[in-house]
Amino acid sequence: MDPSPATALRTDVAVIGAGAAGLFGALTAAREGARVTLVSRTPLDGSASYWAQGGIAAALAAGDSPERHVADTLAAGRGVARESAVRVLCDESPARVHELQHLGVRFDADRHGALALGLEGGHSARRIVHAGGSATGRRITRQLAALAATDERIDVLEQTTADALLVADGRCVGLRIRRGDDHAEIYARATVLATGGAAALWQRTTNPPGSVGVGLALAHAAGADLADLEFMQFHPTALVSDGDDDGFLVTEAVRGEGAKLLDGDGERFVDELAPRDEVALAIEAELRRSEARAVALDLRPVDMGRFPNIAEVLARNGIDPQHDTVPVAPAAHYTMGGVATDLDGGASLPSLYAVGECACTGLHGANRLASNSLAECFVLGRRAGLAATAEPLVGAGEGVHAAALPDPPSAATRSALWQHAGLRRDADGLRPLLDDPFPVARLIAAACLAREESRGAHQRRDRPDADPALDDTHTVVDVDGNATLERWE
Ligand SMILES: Cc1cc2nc3c(=O)[nH]c(=O)nc-3n(C[C@H](O)[C@H](O)[C@H](O)COP(=O)(O)OP(=O)(O)OC[C@H]3O[C@@H](n4cnc5c(N)ncnc54)[C@H](O)[C@@H]3O)c2cc1C
């Protein structure tokens, strides 16, 4: 591809983003016979998917069941998860794991050759499938990217940025792309956003720098609804360091293998396997009490041979997990909200789809259960890939540009979100964010203000309790930036 200002390309399905969700959606659509164009801004290792450590949640163990997985996911979601979406995820995740195996992904096996299943916080059974120990994301995305690169139905446009969605007659008809100074338009029957989350909008984050809500900005500018933006999950155990590894995630799978969290006196202060919102809040309270920067993670009970990439980063930071504890503190990690979609990834704007972390089906509610997000990438990525191929053909060249992407967020925006929309927030801190120069920050503030209660990842100092009247609600942010609470059907 050689985009120039005059170029207009045509495809059946355009996918924006080459993480787990985009790659799986593209491969699914191509297998259905669609011509697919896959656009990716960063190389493979710039996606959150590549960084994923723990694994994929799927009820595969004897004695486990999708029903138990549903119950655990609903409990973690704190009364606002959308049950129909949770059922889809839990019912279909085991089949997607087997499909990945057919596609050549080799998951870790136990000594009998069966899938080795890990345990993570909030899960009542061992159900985390992993690869290369804690290199799960790297192994899966490498394999899927290799398949996409050699699939003759998929055109991969690397180092290419989608900078606007094209809208005509009230439907999304494609996108505009940019590489260097060149622009081109791609017309498609369906356009799938798979641009990842927004956690890097917060100053302290476990995410790659590009995870700043680009898909949310594109969809909002094109007129699609967003949902649940107040629910940003803070991972409890990100490395505290003065160097580049600050924010490096130490997966909770290590806590599943026996790692303990200790306060300044060397005492345990929290159930290490409680859901993430509880563990993160307990650490935040301990840090406020002790005025320390970090609590200690004791990895001595853990076989670090299973977590080679964590061992490598700790060694680089002069930490020997057999003798030293690891300084950790919460960091922004996972965006439960996103582009509001149905159970096939369809957005409120016809012919636009969103999958993976940029989407909000409602399945995570107020607090994502560990390892449900990769599962979501494959379950919803497949559903969207199938639905996208069934979209009608559109006329050529009728597009009008939606507003272009905003400038990247400034350091001031990232600092303001960390300070005022962090683990605990209140209306006084949130209101000034409504005037932030970065549009997604304004929309997040609107959603945080609209939900006048504390629940899961959204903890308001000025509204410290959950309001039972708000059970089963989600926060919809419309095209004008107004946030209202609506009830799931
Ligand atoms: C350190 C870490 C560990 C994790 N561990 C786990 C785990 O063990 N299990 C689990 O379930 N989840 C885990 N997660 C969460 C999970 O990895 C992510 O939610 C998931 O991978 C998101 O996948 P995605 O395909 O939606 O987005 P991403 O993987 O972030 O991919 C986004 C893609 O979009 C592209 N893109 C963005 N904007 C544009 C644009 N304008 N134009 C073109 N391309 C664009 C990017 O280049 C990238 O290719 C982890 C996350 C992190 C950060």
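The structure under discussion appears in the preceding block.
Bear in mind that the values here come from a model prediction, so they are computed numbers and not experimental data.

A. Looking closely at the sheet that holds strand β11 (residues 232-239). Strand order in the open sheet formed by 4 strands is β11-β14-β13-β12, with antiparallel pairing between adjacent strands. Of all strands in the sheet, those bounded by a partner on one side alone are β11 and β12 (260-262). For this sheet, the mean angle separating the axes of adjacent strands, direction not counted, is 45 degrees. When strand β13 (residues 295-298) meets strand β14 (residues 326-335), the two strands line up antiparallel, connected through 3 bridges. Its bridge partner being in β14, Ala 296 is matched across the sheet by Pro 327. In the packing of helix α8 (residues 276-290) onto the sheet, contacts are made with β11, β12, β13 and β14, and the angle to β11 comes to roughly 60 degrees.

B. Region of the structure containing the pattern of salt bridges. This structure, assessed with the given rule, holds 37 salt bridges. For the salt bridge of Arg 171 with Glu 391, the shortest nitrogen-to-oxygen distance reads 3.3 Å. With Arg 171 in strand β8 (residues 171-179) and Glu 391 in the loop between α10 (372-389) and β18 (400-401), the pair connects residues that are 220 residues apart, well separated along the chain. Overall, Arg 171 belongs to the partly exposed group, its relative accessible area being 26%. For Glu 391, a relative accessible area of 13% puts it in the buried group. If you follow the salt bridges from partner to partner, you end up with Glu 230, Arg 451, Glu 453, Arg 455 and Asp 471 in one network.

C. Spatial organisation of the site of the ligand. The ligand sits among 38 residues. The nearest are Thr 42, Ser 49, Gly 54, Glu 357 and Ser 373. Residue Ala 21 places a main-chain N or O atom 3.0 Å away from an oxygen atom belonging to the ligand. Contacts to the ligand include Ser 40, whose side-chain N or O atom sits 3.4 Å from an oxygen atom. Calculation on the ligand without its partners gives an accessible area of 1000 Å², and the protein chains cover 97% of this total. Only α1 (20-31), α2 (48-51), β7 (161-168), β14 and α10 provide two or more residues apiece to the shell around the ligand. In terms of residue count, α10 provides more of the shell around the ligand than any other element does, 4 residues in total. Of the residues contributing to the shell around the ligand, the split by class is 15 nonpolar, 20 polar and 3 charged.

D. A look at the packing of aromatic side chains. As enumerated under the stated definition, the model contains 3 aromatic pairs in all. An aromatic cluster is built from Trp 202, Phe 234 and Trp 418, whose rings are joined through pairwise contacts. In this structure, Arg 368 packs its charged tip against the face of Tyr 334, placed 4.1 Å from the ring centre.

E. Molecular detail of helix α9 (residues 308-316). For α9, the complete set of buried residues consists of Asn 309, Ile 310, Val 313 and Leu 314. Down the axis of α9, the buried set is contained in an arc of 135 degrees. They therefore lie on one face. Along α9, the residues that are exposed and aim more than 90 degrees away from the buried face are Glu 312, Ala 315 and Arg 316. Its buried side turned inward, α9 meets α5 (136-150), β11, α7 (253-256) and β14. One or two positions beyond α9, positive phi appears at Gly 318, with a value near 70 degrees.

F. Summary view of the packing of helix α3 (residues 66-76) against helix α4 (residues 83-102). Contact pair α3 / α4: the axes reach a minimum separation of 9 Å and the direction vectors enclose 135 degrees. Our classification of the angle between α3 and α4 gives oblique. Between α3 and α4 lies a crossing of right-handed hand. Between α3, through Pro 66, Glu 67, His 69, Val 70, Thr 73 and Leu 74, and α4, the contact on the second element is made entirely by Glu 83, Val 86, Arg 87, Leu 89, Cys 90 and Asp 91. Here the contact of α3 with α4 is built from residues that sort into 6 nonpolar, 2 polar and 4 charged.

Here is what the cut-offs are and how they apply
- Residues numbered from 1 in each chain as written.
- Predicted model: local features only at pLDDT ≥ 70, side-chain atom pairs only at ≥ 80, totals over all residues.
- Heavy atoms only, no water.
- Pairing = 2+ DSSP bridges.
- Helix = DSSP H or I, 4+ residues; strand = E, 2+ residues; numbered from the N terminus.
- Axes fitted to C-alpha atoms, helices over the stretch in contact; angles between N-to-C directions.
- Contact = heavy atoms within 4.5 Å.
- Salt bridge = Lys/Arg side-chain N within 4 Å of Asp/Glu carboxyl O.
- Buried < 20%, exposed > 50% of the residue type's maximum accessible area, 1.4 Å probe, protein only.
- Near = heavy atom within 4 Å.
- Polar contact = N/O pair within 3.5 Å; in protein donor to acceptor, adjacent residues only side chain to side chain.
- Areas by Shrake-Rupley, 256 points an atom, 1.4 Å probe, with all protein chains shown as cover.
- Nonpolar A, V, L, I, M, F, W, Y, C, P; charged D, E, K, R; others polar.
- Phe/Tyr/Trp six-rings, centres within 6.5 Å; stacked < 30°, edge-to-face > 60°.
- Lys NZ or Arg CZ within 6 Å of the ring centre and 35° of its normal.
- Arc of directions from axis to C-beta.
- Parallel < 35°, antiparallel > 145°, perpendicular 65-115°, else oblique.
- Left-handed = near helix turned anticlockwise from the far one by under 90°.

This is a description of form; function is not addressed.
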